[in-house]
Amino acid sequence: MPRKSLGSVSVDTTSDPTMRSRPERRRRLLAATVLCAAPALTGCSSGAPSALDPAGSGSGRVANLWWLLFWLSMAVFAEVMVVLAWALLVRRRPDVRVRHGQPLRFVTVAGAGIPLVILVTVYAVGLRDLAALGDEPGPRAPTIEVTGHKWWWEVRVQGVEGATANELHVPVGEKVRVRLRTADVLHSFWVPQLMPKTDLIAGEVRETWLHADRAGSYRGQCAEYCGTQHAHMAFLVVAEPRAQFDAWLARLAAPAPVPRTDAQRRGQEAFVRGSCAGCHAVRGTDANGGIGPDLSDVGSRWSIGAGAVPNDGGHLGGWIANSQTVKPGNYMPPQSVDAGRLPDLIAYLQSLK
Ligand code: CUA
């Protein structure tokens, strides 16, 4: 153990923080810096949608406001550091003289004047952006009706008969009205790259809008804790040219595709005659359950279980057999499907697109 001799007194330099050597202090400072930076770096994972990568006018305003606040914070931080350095200099150098009245002037300007300018600026910009975000689409804009359920999103379009789930389409460059309701508890509709979040409150109809500047698929997420599967309550917004959006509307209004193979026909029979139809609907068939998502286009959806697992044959089979192992707590009970029937059911559901 390193010990330092001070006359007749021997001092343990590892236990007294004031006696640590300079390299050791540097190492400890570096370790503390890394530990403090680690939580911030966990937010750097790739693939997650970022509100700082806006693809629409709504999120563009939010991103601009964020950067304004960020750079203002940086400027204030730098100012405080300069003042701190100056104060330390004055303490150490008695020859540096502070003129009479200088501290008062400094406190007036840096402590009151500059903060006032910053606060008024941020308030004015915030009010301008709030007004812009509250600017409703025109009366001719499409209206998409979204209902939050534990834990999936029901999607309908005003004036169109059909329904889908966990996916909605918007025409690029056009504002689309989104009317929000909840069927149970509080949820929150958030598409980070397109629009800030809007809460879905029981008994209320809330409205927001979406506007995408460029075509693409944008992930949305429930942003209010709503139970055990809150994290698996994702959805997709597909922004596409107007012609493709109109084609989506036409598909939504049309009956589901008719089975083309024997396996698909057997699958449809099992679906309509079995327990599936008690909870799910498929347009154009006798299946018209309203508890779970409408499955008329389930074969084309981006995921199963609102973002729980990819939409492929294996995951679909696992979901039908026992979705509780995939998304515990969801309302679909395990199904006692004959192993020979399962491939037919999968073939039928995958043909619905
Ligand atoms: Cu719905 Cu969280």
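Reading guide: rules and limits
Residues numbered from 1 in each chain as written. Predicted model: local features only at pLDDT ≥ 70, side-chain atom pairs only at ≥ 80, totals over all residues. Heavy atoms only, no water. Helix = DSSP H or I, 4+ residues; strand = E, 2+ residues; numbered from the N terminus. Buried < 20%, exposed > 50% of the residue type's maximum accessible area, 1.4 Å probe, protein only. Contact = heavy atoms within 4.5 Å. Pairing = 2+ DSSP bridges. Axes fitted to C-alpha atoms, helices over the stretch in contact; angles between N-to-C directions. UniProt positions renumbered as here; feature names shortened; annotations may be inferred. Phe/Tyr/Trp six-rings, centres within 6.5 Å; stacked < 30°, edge-to-face > 60°. Lys NZ or Arg CZ within 6 Å of the ring centre and 35° of its normal. Expected span 1.5 Å × (residues − 1). Arc of directions from axis to C-beta. Patch = residues over 30% accessible without salt bridge, like charges linked within 9 Å, V, L, I, M, F, W, Y side chains within 5 Å. Areas by Shrake-Rupley, 256 points an atom, 1.4 Å probe, with all protein chains shown as cover. Salt bridge = Lys/Arg side-chain N within 4 Å of Asp/Glu carboxyl O.

**A look at the overall build of the protein**
Argument step 1. Secondary structure assignment for the protein yields 8 helices and 14 strands.
Argument step 2. Relative to its 353 residues, the protein shows a buried fraction of 37%.
Argument step 3. Across the protein, every contact between residues at least 6 apart in sequence was considered, and the portion connecting residues at least 24 apart equals 61%.

**Describing the sheet that holds strand S8 (residues 187-191)**
Adjacent strands of a sheet pair through backbone hydrogen bonds, lying either parallel or antiparallel.
Argument step 1. With mixed pairing, 5 strands are arranged side by side in an open sheet as S6-S12-S11-S8-S9. Both outer strands of the open sheet, strand S6 (167-171) and strand S9 (195-200), are each paired with one neighbouring strand and no more. The mean angle between the axes of side-by-side strands here comes to 20 degrees, regardless of whether they run parallel or antiparallel.
Argument step 2. Relative to strand S12 (residues 234-240), S6 runs parallel, the two being bridged by 5 bridges. Residue pairing in the sheet places Val170 in a bridge with Ala239 of S12.
Argument step 3. Contacts between helix H4 (residues 242-253) and the sheet are confined to S6 and S12, with S6 contributing the most and set at about 140 degrees to the helix.

**Section: the UniProt feature "transmembrane region" (unreviewed entry) in the protein**
Argument step 1. Following the UniProt record, one finds the feature "transmembrane region" (unreviewed entry) at residues 29-48, 68-91 and 103-125.
Argument step 2. Between the first and last C-alpha atoms of residues 68-91 the distance is 35 Å; the span itself is 100% helix and 0% strand.
Argument step 3. The annotated region residues 103-125 carries 100% helix and 0% strand content, and the separation between its end C-alpha atoms amounts to 32 Å.

**Some points on the environment of Ile346**
Argument step 1. With respect to the element layout, Ile346 can be found in helix H8 (residues 342-351).
Argument step 2. In this structure the C-alpha to C-alpha distance between Ile346 and Gln268, which are 78 residues apart in sequence, comes to 9.7 Å.
Argument step 3. Sequence-distant contacts of Ile346, defined by excluding residues within four places in its chain, comprise Gly313, Leu316, Gly317 and Ile320.

**Section: the packing of aromatic side chains**
The description of two aromatic rings rests on the distance between their centres and on the angle between their planes.
Argument step 1. Per the counting criterion, the structure on display carries 11 aromatic pairs.
Argument step 2. When the ring of Trp67 is compared with that of Phe70, the centres are 5.5 Å apart and the planes differ by 85 degrees; the resulting orientation is edge-to-face. Pair noted here: Trp67 and Phe70 are both in helix H2 (residues 57-92), with a separation of 3 residues, about one helical turn.
Argument step 3. Sitting above the plane of the Trp209 ring, Lys175 keeps its charged end 4.1 Å from the centroid.
Argument step 4. Residue placement shows Lys197 over the ring face of Trp190; its charged tip is 4.7 Å from the ring centre.

**Some details on H4**
Every α-helical turn comprises 3.6 residues, leaving residues that sit three or four positions apart pointing alike.
Argument step 1. Along its 12 residues, H4 runs 17 Å from first to last C-alpha, staying within 8% of the 16 Å computed at 1.5 Å per residue.
Argument step 2. Among the residues making up H4, those that are buried are Phe245, Trp248, Leu249 and Leu252. For H4, the angular spread of the buried residues around the axis is 100 degrees, confining them to a single face.
Argument step 3. Buried residues in H4 make contact with strand S4 (152-157), strand S5 (163-165), S6 and S12.

**Things to note about a nonpolar patch on the surface**
Argument step 1. On the surface, a nonpolar cluster with roughly 520 Å² of combined accessible area is contributed by Val76, Phe77, Val80, Met81, Leu84 and Leu88.
Argument step 2. The residue Met81 is located in helix H2 in this model.

**Things to note about the pattern of salt bridges**
Argument step 1. Under the counting rule described, the total for this entry stands at 17 salt bridges.
Argument step 2. In this structure, Lys175 engages Asp135 in a salt bridge whose closest nitrogen and oxygen atoms are separated by 4.0 Å. Of the two residues, Lys175 is situated in the loop between S6 and strand S7 (176-182) and Asp135 in the loop between helix H3 (102-133) and strand S3 (143-149); the sequence distance between them amounts to 40 residues.
Argument step 3. On the basis of relative accessible area, Lys175 is assigned to the partly exposed category, the value being 24%.
Argument step 4. Here Asp135 falls in the partly exposed class, since its relative accessible area comes to 45%.
Argument step 5. Here the residues in one salt-bridge network are Glu145, Arg177, Arg179, Arg181 and Glu207, joined through shared partners.

**Observations concerning the sheet that holds strand S10 (residues 206-210)**
Argument step 1. Spatial strand order, S5-S4-S3-S7-S10: 5 strands in an open sheet with mixed pairing. Looking along the sheet, the strands with just one partner apiece sit at the ends: S5 and S10. Mean inter-strand twist for the sheet, computed between neighbouring axes without regard to direction, equals 30 degrees.
Argument step 2. By the bridge criterion, 5 bridges tie S7 to S10 in an arrangement that is antiparallel. Within S10, the residue paired with Leu180 across the bridge is Arg206.
Argument step 3. Strands S4 and S5 of the sheet are contacted by H4, whose axis makes an angle of about 100 degrees with S4.

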